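Observations on the model geometry
Here is how the chains run, residue by residue.
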Amino acid sequence: MVFPGTFLGVWNLLQISGRESVASISPAWLQAHGHAQVFGWVGSFILGIGFYSIPKMRGGVKSSFAMAWACWGMWTTGAALRWAANVYLWEWRILLPISACLELAAFLIFFRGVSQHRSADSDKKKLDPWIWVVVSASLGLLSVLVTNALGCFYVTFRSATPAFPHVFDQRYLALMAWGFMVPFVWGFSAKWMTVFLGLKPLRTPWLLSAVAINLGGLGLAVAGEAAIGSWLFVLGAACAIVALRMFESSENEPKIRGVHSTFPLFVRMAYGWLLIAAVLGVAATRWDTSGGIWGASRHALTVGFISVMILSVGQRILPAFAGMRMLWSTKLMFVGLAFVTLGCTLRVSCEVLAYQGYAAWAWSVLPISALCELAGLTVYAINILGTFILEPSHSQKQAMVVGVPIKIS
Ligand code: HEM
C-alpha cells in the first residue's frame, strides 16, 4: 500500500521541480497522493496493529478474522478507488462517494471489532491512559472519514473536478494530521516506548494535557484560526515529549534485539521532526506565500515523524506479530531509515527555500529528496516482505526442531 501514494508523490514533486511551481500541478493528483499515503499506507498500518494488539492488551481475546478481512477489503478498495478516480477522472462522481462510504464502513467494523472484546478481568480494571489516547485518535479518524465523505459528496454534486476546494482541504489536512495520526503515535508510544527505549516512567498528567492542548489547537485550526492553533500544536507536542521523557536519559537498556542498534536514535529523531513540523506550522501562518512552508511542515510531520515511526516501530513489532519471526535484515532497516531521514531533511529545507523563492538552486535538490524518500520506503517494504516470506515463524521453527517436514511459504 505504500507504493501508489509514494509514486504519485515522487511524480508530482518531479513535475513541480521541473516547472518550478506547485500551482501548475492538478490539485486532484496532489490530493490523490495525500489520500493514498494517509489512508492506504498509514491507515492500513494502524488498523492492522489495532486489530492485533488492542483486544489482546484488553483481555487476551482474539478479534474475529472475518471482521478483520472484511475491514481490510473495504478499506483497501476504498483507498484504491479514490486513487484511481482522482488520477484517471473516470466516473469520479460515482467512485468518490463509494470510496468514502467503503472507508467509513471499514472503520466502523474496526471500531466494533476492537471495542467489543472484553474479558471479565478487563471489565473490572480501569483502562490504561494510552488506551484513552488511542480512543481519542480513533474518534479523530472517524471525524476525518466523515469530513472526507462530506467533501466527496460536495464535489460530486457541486464541483467540476474531484479535488476538494483549497480552504476546505487545508482544514481537513489539519484534522488528518493533528486529530488522527499524531495522537495515534502518542498513544502507541505511551504503550511501547517506555519498554522499547528503556525510558523513565510515563508522566500521565502531561500526556493527557498534551492531548487536551492539541485538541484545542485543532479546534482553532479547523475554525480558521490557524495562527493561534499552530502555537497550541507546538505546546501539545512539547508536553507529549515531556510526558514520554523521550529526550531524557534511559533508565533501562533499550530492547534492540532483532533490530538495528540505531532504533532508539531514529525514534528520538522522529520526535524531533514532530517539533520541527509544529514550529514550521507557526512559521507558515506568518510567512507562507507559496505553499512551501505549509508543505515543509506537512512533510516534516508525515515523513519525518509518522513514516520514521512506522519504519522504526513497524520493523520492531511486525515480525513478532506475524508468528514470532525475526526481522529479515537489520542492515536494511538502517539503510531504509537513513534514506528516509536524508530525503526528509533535503525536502523540508529545500521546499521552503525553493517554493518561497529564497534560493533557486534548491529546486534541483527536491527531485533528489523525492528519490531518497522513495528508496527508503522501498527498502522498508522489501525488508518486511523478506521477513514474511523468507523468515520462518515460531511454529515453523518448532516443527523443524522436531523434524516434521514443512513448507516455508
Ligand atoms: C516519497 C515521499 C513523498 C513525496 C515525494 C511527496 C510529495 C508531495 C508533494 C509534491 C505534495 C504537494 C504539496 C507540496 O508541494 O508540498 C504532497 C502533498 C501531500 N503529501 Fe506527500 N510526499 C511524500 C510522502 C508523503 C507521505 C509518507 C505522506 C503521509 C504519510 C504524505 C502526505 C501528503 C499529504 C497529506 C499531502 C497534501 C495533499 C493535499 O494537498 O491534499 N506524503 N506530497
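You'll find the structure just up there.
I will try to describe carefully the structure that is included in this document. What you are looking at is a predicted structure, and each value in this text was computed from that prediction instead of being measured.

Calculation criteria
- Residues numbered from 1 in each chain as written.
- Predicted model: local features only at pLDDT ≥ 70, side-chain atom pairs only at ≥ 80, totals over all residues.
- Heavy atoms only, no water.
- Salt bridge = Lys/Arg side-chain N within 4 Å of Asp/Glu carboxyl O.
- Helix = DSSP H or I, 4+ residues; strand = E, 2+ residues; numbered from the N terminus.
- Buried < 20%, exposed > 50% of the residue type's maximum accessible area, 1.4 Å probe, protein only.
- Polar contact = N/O pair within 3.5 Å; in protein donor to acceptor, adjacent residues only side chain to side chain.
- Contact = heavy atoms within 4.5 Å.
- Phe/Tyr/Trp six-rings, centres within 6.5 Å; stacked < 30°, edge-to-face > 60°.
- Lys NZ or Arg CZ within 6 Å of the ring centre and 35° of its normal.
- Donors = N, O, S within 2.8 Å, 3.2 Å for Na, K, Ca; no water.
- Tetrahedral: all angles 85-135°; square planar, octahedral: opposite > 155°, others 65-115°.
- Near = heavy atom within 4 Å.
- Nonpolar A, V, L, I, M, F, W, Y, C, P; charged D, E, K, R; others polar.
- Lys, Arg positive; Asp, Glu negative; His and termini not counted.
- Patch = residues over 30% accessible without salt bridge, like charges linked within 9 Å, V, L, I, M, F, W, Y side chains within 5 Å.
- Areas by Shrake-Rupley, 256 points an atom, 1.4 Å probe, with all protein chains shown as cover.
- Axes fitted to C-alpha atoms, helices over the stretch in contact; angles between N-to-C directions.
- Parallel < 35°, antiparallel > 145°, perpendicular 65-115°, else oblique.

A word on the pattern of salt bridges. In the structure shown here, the tally under the stated rule is five salt bridges. For the salt bridge of Lys200 with Glu248, the shortest nitrogen-to-oxygen distance reads 3.9 Å. Here Glu248 lies in the loop between α9 (226–244) and α10 (263–287) and Lys200 lies in the loop between α7 (166–196) and α8 (204–222), a separation of 48 residues in the sequence. When its relative accessible area of 24% is taken as the criterion, Glu248 is described as partly exposed. A salt bridge links Arg245 to Glu248; the nearest nitrogen and oxygen atoms lie 3.0 Å apart. Through salt bridges that share partners, Lys200, Arg203, Arg245 and Glu248 make up one connected network.

It is worth spelling out the side chain of His260 at this point. Relative to the elements of secondary structure, His260 occurs in the loop between α9 and α10. Among the polar contacts listed, one links the side chain of His260 to the side chain of Thr262, at a separation of 2.7 Å. Beyond its immediate chain neighbours, meaning those up to four positions away, His260 contacts Thr330, Lys331, Met333 and Phe334.

Moving on, we come to the packing of aromatic side chains. In total, this model carries 23 aromatic pairs according to the counting rule given. With centroids separated by 6.3 Å and ring planes inclined at 70°, the aromatic side chains of Trp83 and Tyr88 adopt a geometry described as edge-to-face. By relative accessible area, Tyr88 is classed as exposed at 60%. An aromatic cluster is present here, built from Tyr52, Trp130, Phe180, Phe184, Phe188, Trp192, Phe196, Phe263 and Phe321 joined pairwise through their rings. Here Arg316 stacks its cationic end above the ring of Phe196, 4.3 Å away from the centre of that ring.

Turning our attention to the coordination of the iron atom of the ligand. Protein ligation of the iron atom of the ligand involves His33 (NE2) and His299 (NE2), the donor distances falling in the range 2.0 to 2.1 Å. In this structure, the iron atom of the ligand is surrounded by six donor atoms whose angles at the metal cover 87 to 179°, and the resulting shape is octahedral. Here His33 is found in helix α2 (residues 27–59), whereas its partner His299 is found in helix α11 (residues 292–321), with 266 residues between them in sequence. Each member of the pair, His33 as well as His299, is classed as buried.

Lining the immediate surroundings of the ligand are 26 residues, of which His33, Asp169, His299, Glu351 and Tyr355 lie closest. Take His299: an N or O atom from its side chain is 2.8 Å from a nitrogen atom of the ligand. Residue Tyr355 places a side-chain N or O atom 2.6 Å away from an oxygen atom belonging to the ligand. Where the shell around the ligand is concerned, the elements lending two or more residues are α1 (2–19), α2, α7, α11, α12 (330–355) and α13 (362–390). Of all the elements, α2 adds the most residues to the shell around the ligand, at seven residues. Considered class by class, the residues forming the shell around the ligand number eleven nonpolar, ten polar and five charged.

A word on the side chain of Glu103. Note that Glu103 resides in helix α4 (residues 92–116). Buried charged residue Glu103 carries no salt bridge. Nearest counter-charge: Arg82, at 5.1 Å. The residues contacting Glu103, other than those within four sequence positions of it, are His35, Phe39, Trp75, Gly78, Ala79, Leu145 and Asn148.

Moving on, we get to the environment of Val2. On the secondary structure map, Val2 appears in helix α1. Taking the relative accessible area as the measure of exposure, Val2 reaches 5% and is therefore buried.

Attention shifts here to a nonpolar patch on the surface. On the surface, a cluster of nonpolar side chains totalling about 550 Å² of accessible area is made up of Trp328, Ile382, Leu385, Phe388, Ile389 and Leu390. Tracing the chain through its elements places Ile389 in helix α13. Given a relative accessible area of 48%, Ile389 falls into the partly exposed group.

In contact at an axis separation of 9 Å, α1 and α13 are set at 170° when each is read in the N-to-C sense. One way to sum up the angle between α1 and α13 is to call them roughly antiparallel. Facing Val2, Phe3, Thr6, Phe7, Val10, Leu13, Leu14, Ile16 and Ser17 of α1, the residues of α13 in contact are Trp363, Leu366, Pro367, Ser369, Ala370, Leu371, Leu374, Leu377, Thr378 and Ala381. Of the residues in the contact of α1 with α13, the class split is 15 nonpolar, four polar and no charged.

Tracing the backbone through its elements, the reader meets Leu318 in helix α11. The class for Leu318 is buried, based on a relative accessible area of 16%. The spatial distance from the C-alpha of Leu318 to the C-alpha of Thr387 is 9.0 Å, given a sequence separation of 69 residues. Setting aside anything within four residues of it in sequence, one finds Leu318 in contact with Phe45, Ile49, Val313, Tyr380, Ile384 and Phe388.

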